Amino acid sequence: MTLVILGAGGQVGRELAELAQAQGLAVRALARAEVDITEAAAVAEAVRGADFVANCAAYTAVDKAEAERDRAFAVNVTGPGVIAAACAAAGAALLHISTDYVFRGDGDRPWREDDPIAPLSVYGESKAAGEAAVRAALPRHVILRTAWVFAAHGSNFVRTMLRLGAERPELRIVADQRGGPTPAADIAAAILAIRGQALAPGFDGWGTFHFAGAPATTWHDFAAAIFAAKGGPGPVLHAIATADYPTPARRPSNSVLDCGKISRVFGLGQPDWRQALSAMVRTQ
């Protein structure tokens, strides 16, 4: 049987495809240009013969989503619903990646899977609705919420900081939003570990799980760690409040995720993002 990866050109999809191939798994990795996840016929053909599908495809332009609601909902809601229905017809299980942005982000304790969702943005609304679409169409699913994803490729905070740090002597970085930076490679490894257990006879641990890096930090302190890992002179970092950096989309102030459930069910601990960061910046 085959592992099918949708959204294989993104940060997590690319890492997952490389890791699956390195482990000798039968894998079909499909990028956005190869399959439109909103098209039922195309998705049905893509998942044919699969035992497990990983949906890594998403609309992730958080601020642009405020003006592109229809596009965000097509990719983040219609697409997952189509994929889940195709998996149900094919007899495949589905892992769907979601986000901390489904929560309102207040308070000071980590968010649990059963906490009420109340997204602050169109992006968050679309991801929450995408989760609901998956749940409605396919019992054999794992929804994996993660946060602050970074990798050596793609668009992410680490690469943005390194670029801006090379261009500017000073940077103003938000210091009142907290979360857990998560290496895409660790998400990929978690997906394969989940697949191995989920396909075992008698598995009944389907549902929603949180997986994010540790320790929790702020964007400002994350930026400081990035430049410390890079070494050499870096820009002066000024800590600012969210109110001092207005954006079209509201963002959660507390994006820390409680990852106890995934540890109990799958035995997966939180990755230490500092180790992956040190290795990554040396490649940039």
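Residues numbered from 1 in each chain as written. Predicted model: local features only at pLDDT ≥ 70, side-chain atom pairs only at ≥ 80, totals over all residues. Heavy atoms only, no water.

## Describing unusual backbone geometry
Here's step 1: A cis amide bond links Ala 214 to the next residue, Pro 215, at an omega of 0°.
Here's step 2: Its place among the elements puts Pro 215 in the loop between β10 (207-210) and β11 (217-218).
Here's step 3: Even without a glycine there, the phi angle at Trp 148 is positive, about 50°.
Here's step 4: Within the secondary structure layout, Trp 148 lies in the loop between β5 (141-146) and β6 (149-150).
Here's step 5: We classify Trp 148 as buried; its relative accessible area is 9%. (Helix = DSSP H or I, 4+ residues; strand = E, 2+ residues; numbered from the N terminus. Buried < 20%, exposed > 50% of the residue type's maximum accessible area, 1.4 Å probe, protein only.)

## Digging into the layout of surface pockets
Here's step 1: Looking at the second largest pocket, its volume works out to about 180 Å³.
Here's step 2: Along its surface, the second largest pocket is lined by Arg 159, Leu 162, Gly 165, Ala 166, Phe 227, Lys 230, Gly 231, Gly 232, Pro 233, Gly 234, Pro 235 and Gln 284.
Here's step 3: Elements supplying a minimum of two residues to the lining of the second largest pocket: α5 (157-167) and α7 (219-230).
Here's step 4: A per-element tally of the lining of the second largest pocket places α5 first, with four residues.
Here's step 5: Among the residues forming the lining of the second largest pocket, the class breakdown is five nonpolar, five polar and two charged. (1 Å grid on protein atoms, 1.4 Å probe; cavity = no way out; pocket = protein on both sides within 12 Å on 5 of 7 lines; lining within 4 Å. Points joined across faces, edges and corners; volume = space filled by probe spheres on them. Nonpolar A, V, L, I, M, F, W, Y, C, P; charged D, E, K, R; others polar.)

## Some details on the sheet that holds strand β3 (residues 50-55)
In a beta sheet, neighbouring strands are held together by backbone hydrogen bonds and run either parallel or antiparallel to one another.
Here's step 1: Pairing in this open sheet of six strands is parallel, and the strands run β2-β1-β3-β4-β5-β10 from one edge to the other. Across the chains shown, the open sheet's two edge strands, defined by having one partner strand only, are β2 (27-30) and β10. Between one strand axis and the next, the sheet turns through 15° on average, direction left out of account.
Here's step 2: The sheet contact formed by strand β4 (residues 93-99) and β5 spans six bridges and is parallel. Opposite Leu 95, over in β5, you have Val 142 as the bridge partner. (Pairing = 2+ DSSP bridges. Axes fitted to C-alpha atoms, helices over the stretch in contact; angles between N-to-C directions.)

## Topic: the pattern of salt bridges
Here's step 1: According to the stated counting rule, one finds 14 salt bridges in the structure shown.
Here's step 2: Put simply, Arg 195 and Asp 51 hold a salt bridge, and the shortest N to O gap is 3.1 Å. Of the two residues, Arg 195 sits in helix α6 (residues 184-198) while Asp 51 sits in strand β3, which places them 144 residues apart along the sequence. The pair Arg 195 / Asp 51 is uniform in exposure class, with both members buried.
Here's step 3: Between Arg 163 and Glu 167 there is a salt bridge; the shortest N-O distance is 3.9 Å. Taken as a pair, Arg 163 and Glu 167 lie in helix α5 at a separation of four residues, close to a single helical turn.
Here's step 4: Within this structure, Arg 109, Arg 112, Asp 114 and Asp 115 form a network of salt bridges that share partners. (Salt bridge = Lys/Arg side-chain N within 4 Å of Asp/Glu carboxyl O.)

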